[in-house]
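# Working through the structure, step by step
As a plain string of letters, each chain reads:
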Amino acid sequence: MIASRSTAAVDSLQTILAPLPKTKIKTQVLVNGHIDPLGGLDRLPDLLVFRLDSNWEVELEALSARPPSQRPPMIIVSAESDPQVMRSSMQAGARDFFVEPFEPEEVLRSVEHLNRELLENPSQQDARITVVMNAKGGSGASLIASNVAHALCQEYEQRVALVDLDLQFGSLSYYLDLHLKHGIKEALDNVDDLDAIALDGYLVKHASGLRVMGVEEGRIILNDEVSCERLRHLVALMARAHHHVIIDVPRQIDLITSTVLEMADQVIIVTQQSITHLRDTARLMDVLRDDLEIPDENLQVVVNRYQKNSLITRTEVENALKQRSLVCIPNDFKNVTDSLNDGIPLLDIAKRAPITKAVMDLCEVVQGTQQIEDGSVLGRLFAKLKGA
Ligand SMILES: Nc1ncnc2c1ncn2[C@@H]1O[C@H](COP(=O)(O)OP(=O)(O)O)[C@@H](O)[C@H]1O
Ligand SMILES: [Mg+2]
């Protein structure tokens, strides 16, 4: 979307961006004292090119007042050369900045670049994508995926989408006592027409605010019914509207799971303390590293139903898997059974239990360290302005 107070500026930007392939360009001319370029829209654009003039201060304030999830990536074009405009634009989240007169070609290239980044590289976006897979059936991947997603949402106030990619025997809706009406199949069928706002209609909301997507009740989806291209697009779209996308996948390497594994910032492998679990975990990790080329640092092993006095100790698991940073989730038959039977997450049923504390520790790992590095052109310019 192109927005400005000036009709002439909107028209000229529209001409500049006309060569973009397969792109629908909407325009918004701010009239009658309207200051929010995204105000009154029922769908957010994927990308905003906003042209500012003397009214820049209030317009940027209106944008900054929106929660980050309600602000698409943005490029600012300014008629004013005041350095303060650039500073404020950056604070409002602008990804690139141009002062008039500018080279039309450069604006076009910047939009193209951002567009490509959005489509192809969700890891560059806000959401961290975490895939949870068990190394052996029943290890606890679904329990962990649902409780980590719930805790991130409830305790860390993150916008979280949880996706159940077990298309035949998904269990997340039971674990959270939710009824999935529009399922993932419908979302995939319509993905080309969806934006972040429309997508929300396909996600079921848990009382905590957590958003869940899976196969609708009473349905089974066969793998060849899912296009990987569409799945990729759907996950990328989710990544744009959330801080975290957590994906629970069945234990198999196929086109569907490898599509999301390749997009993941992090893969959590859930295992337990037994010889067979360890053997399967080592094999799975080899496949992920060697065949899917997932870097070792993106793999996180979680030992579920952990027992200190087990025959296989934590150190033995570490040595067998050559992993130094295991997260252990204790065995807790009572709380887990109560939680699953009633569809109530662990945090709500047993906030102080060791198992819940361990889930919170895992949340810290899933969140990773904050990425403060800013390699954008604007970031570098801003650093210069600050005299860094
Ligand atoms: N930490 C735990 N303590 C006790 N029981 C657990 C624990 N984690 C999982 N379980 C049990 O294991 C079963 C399988 O868990 P689930 O998360 O569905 O496994 P997966 O998704 O790996 O197949 C659950 O029904 C639950 O009864
Ligand atoms: Mg499962």
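In the block above lies the structure referred to throughout.
Residues numbered from 1 in each chain as written. Chains lettered and ligands numbered in written order. Predicted model: local features only at pLDDT ≥ 70, side-chain atom pairs only at ≥ 80, totals over all residues. Heavy atoms only, no water.

### Looking at the sheet that holds strand S9 (residues 211–213)
Sheet architecture is open: 8 strands sit in the order S8-S9-S7-S10-S6-S11-S12-S13, paired in mixed fashion. Looking at which strands have only one partner, the edges of the open sheet turn out to be strand S8 (204–205) and strand S13 (327–330). Relative to strand S10 (residues 244–249), strand S7 (residues 160–164) runs parallel, the two sharing 5 bridges. Note that in S10 the partner of Leu 162 across the bridge is Ile 246. Packed on one face of the sheet, helix H15 (residues 354–367) meets strand S6 (128–134), S10, strand S11 (266–271), strand S12 (299–306) and S13 and runs near 155 degrees to S13. (Pairing = 2+ DSSP bridges. Helix = DSSP H or I, 4+ residues; strand = E, 2+ residues; numbered from the N terminus. Contact = heavy atoms within 4.5 Å. Axes fitted to C-alpha atoms, helices over the stretch in contact; angles between N-to-C directions.)

### Here we look at the sheet that holds strand S5 (residues 94–99)
A sheet is described by the order of its strands in space; here 5 strands give the open sequence S2-S1-S3-S4-S5, paired in parallel fashion. The open sheet is flanked by strand S2 (27–29) and S5, the only strands paired with a single partner. Across this sheet, the average inter-strand angle for adjacent strands is 15 degrees, counted without regard to direction. Bridge analysis of strand S4 (residues 74–78) against S5 gives 5 bridges, and the strand direction is parallel.

### A short note on the pattern of salt bridges
Counted under the stated rule, the structure contains 19 salt bridges. A salt bridge links Arg 51 to Glu 100; the nearest nitrogen and oxygen atoms lie 2.9 Å apart. Separated by 49 residues along the polypeptide, Arg 51 in strand S3 (residues 48–52) and Glu 100 in the loop between S5 and helix H4 (104–120) bring together distant segments of the chain. Note on Arg 51: relative accessible area 11%, which makes it buried. Between Arg 324 and Glu 318 there is a salt bridge whose closest N-O contact spans 3.6 Å. Residue classification places Glu 318 among the buried positions, given a relative accessible area of 13%. Here the salt bridges do not stand alone but share partners, grouping Arg 5, Arg 51, Asp 53, Glu 59 and Glu 100 into one network. (Salt bridge = Lys/Arg side-chain N within 4 Å of Asp/Glu carboxyl O. Buried < 20%, exposed > 50% of the residue type's maximum accessible area, 1.4 Å probe, protein only.)

### Quick notes on the pairing of S4
Most of S4 sits inside the fold, with 5 of its 5 residues counted as buried. In terms of strand pairing, S3 meets S4 through 5 bridges, oriented parallel. Bridge assignment links Leu 48 to a residue of S4, and that residue is Met 74.

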